Amino acid sequence: MITFKHKDIPIKTNLISSFFLCCIASVLMMNTGCAFKSVTRSKNITYFPADTSRHIEAQQLNIFAPKKSSSLKEVLIFIHGGSWNSGKKSTYNFLGNRFARKGVIMVIIDYPLSPAADYKDMAITAEASVNWVKENIYKYGGDPHKIFISGHSAGGHLAALIGTSNDYFNGKKSSNPLKGIILIDAAGLDMYTYLKEENFPEGNTYINTFTNDPVNWKDASPLYHIHNGMPPMLIYRGGKTYPSIKSSNEKFVATVTPLAPATIYHVIKGKKHVPMITQFLFTYNKRYQEILGFMKQQN
């Protein structure tokens, strides 16, 4: 189950609902067996061994690659959403299959969830997935010099955080290898302001994730890590998403653009938060070509 909890519109949405499963089934029926055979799937690969010092369990990823590729391909790492407390990589296998058939190596990761983990544990493992991909993806046909990262909702927050903050890659004395960041209705871009305004009580899921310390709220907010030399960004926001996501995205884009004028920002008219990711169920959705075009431009 993937749960989205936002103060603006309290809602609990199960992406594996009957409607969601019907959508998946319908799309899968439209694909031929030949199309499925065109993708090589490598699943449940451990990219982060258990860390007893931080009480983080081992984390795994799935890789989807086009078969019979004659050259190394661009790589896209995807981080799922779920309010930082739910979700799993297998729900998004459809993304892996579709991107692989379009010539991209797709890597979909799991990461530790709240309340067992906080935002820093999640970011540490997300950063570890990038380093694992950099060191190993050539074995699966991926180019280690063409790594991009994407995420929806809470996953967009984590993608933006490790992509903008110098704390993660520089903390390991390695340069940020990301060629670009693709955000899909990202939540949490300014958790500092959001948590200050909401004043959630102890035990709230967001307090479990981000602690009750405003210093951590700012540290967790990609907005406060924006700087020159960041990877290029392609940012999507739903026209009918939650007000908190709308305001934080607008603020984020307004801050990023002066430093990175080439930032691409699309507001998808009429789209709510969950449909911003379920739209990718449809193979011919325009977002695929936009993302592929963005990745090609960075080469």
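Going by the structure above, here's the rest.
Residues numbered from 1 in each chain as written. Predicted model: local features only at pLDDT ≥ 70, side-chain atom pairs only at ≥ 80, totals over all residues. Heavy atoms only, no water.

Before going further, it helps to examine the packing of aromatic side chains. Using the criterion set out here, one finds 13 aromatic pairs in the structure. Plain terms: the ring middles of Tyr-194 and Tyr-206 are 5.9 Å apart, the flat faces sit at 75° to each other, and that makes the pair edge-to-face. Here Tyr-194 is found in helix H6 (residues 191–198), whereas its partner Tyr-206 is found in helix H7 (residues 205–210), with 12 residues between them in sequence. Note on Tyr-194: relative accessible area 11%, which makes it buried. Among the aromatic residues, those joined into a ring-pair cluster are Trp-84, Tyr-119, Tyr-194, Phe-200, Tyr-206 and Phe-210. In this structure, Lys-102 packs its charged tip against the face of Tyr-288, placed 5.0 Å from the ring centre. The ring of Tyr-192 has Lys-218 lying over it, and the distance from NZ or CZ to the ring centre is 4.6 Å. (Phe/Tyr/Trp six-rings, centres within 6.5 Å; stacked < 30°, edge-to-face > 60°. Helix = DSSP H or I, 4+ residues; strand = E, 2+ residues; numbered from the N terminus. Buried < 20%, exposed > 50% of the residue type's maximum accessible area, 1.4 Å probe, protein only. Lys NZ or Arg CZ within 6 Å of the ring centre and 35° of its normal.)

In this section: a positive patch on the surface. A contiguous patch of positive charge, built from Arg-41, Lys-43, Lys-67 and Lys-68, is present on the exposed surface. Classification of Arg-41 by relative accessible area gives partly exposed; the value is 32%. (Patch = residues over 30% accessible without salt bridge, like charges linked within 9 Å, V, L, I, M, F, W, Y side chains within 5 Å. Areas by Shrake-Rupley, 256 points an atom, 1.4 Å probe, with all protein chains shown as cover. Salt bridge = Lys/Arg side-chain N within 4 Å of Asp/Glu carboxyl O. Lys, Arg positive; Asp, Glu negative; His and termini not counted. Charge placed at Lys NZ, Arg CZ, Asp CG, Glu CD.)

Between helix H4 (residues 119–136) and helix H5 (residues 154–164), the shortest axis-to-axis distance is 9 Å and the interhelical angle comes to 70°. The angle between H4 and H5 falls in the class roughly perpendicular. Contacts from Tyr-119, Met-122, Ala-123, Ala-126, Glu-127 and Val-130 of H4 reach H5 at Leu-158, Leu-161 and Ile-162. Residue composition of the contact of H4 with H5, by class: 8 nonpolar, no polar and 1 charged. (Axes fitted to C-alpha atoms, helices over the stretch in contact; angles between N-to-C directions. Parallel < 35°, antiparallel > 145°, perpendicular 65-115°, else oblique. Contact = heavy atoms within 4.5 Å. Nonpolar A, V, L, I, M, F, W, Y, C, P; charged D, E, K, R; others polar.)

The linkage connecting Ser-114 with the following residue, Pro-115, adopts the cis geometry, with an omega of 10°. If you trace the backbone, Pro-115 turns up in the loop between strand E4 (105–109) and H4. Positive phi, close to 60°, is recorded for Ser-83, a residue that is not glycine. Following the sequence through the fold, Ser-83 ends up in the loop between strand E3 (73–79) and helix H3 (93–101). In this structure Ser-83 comes out as buried when scored by relative accessible area, which is 2%. Non-glycine residue Ser-153 carries a positive phi angle of around 60°. Summarising the element assignment, Ser-153 is placed in the loop between strand E5 (142–152) and H5. Classification of Ser-153 by relative accessible area gives buried; the value is 1%.

Looking now at the pairing of strand E6 (residues 178–184). Buried residues dominate E6, accounting for 6 of its 7 residues. Here E5 pairs with E6 via 6 bridges, running parallel. Its bridge partner being in E6, Ile-147 is matched across the sheet by Leu-178. As paired strands, E6 and strand E7 (residues 233–238) are joined by 4 bridges and run parallel to one another. Note that in E7 the partner of Ile-184 across the bridge is Tyr-236. (Pairing = 2+ DSSP bridges.)

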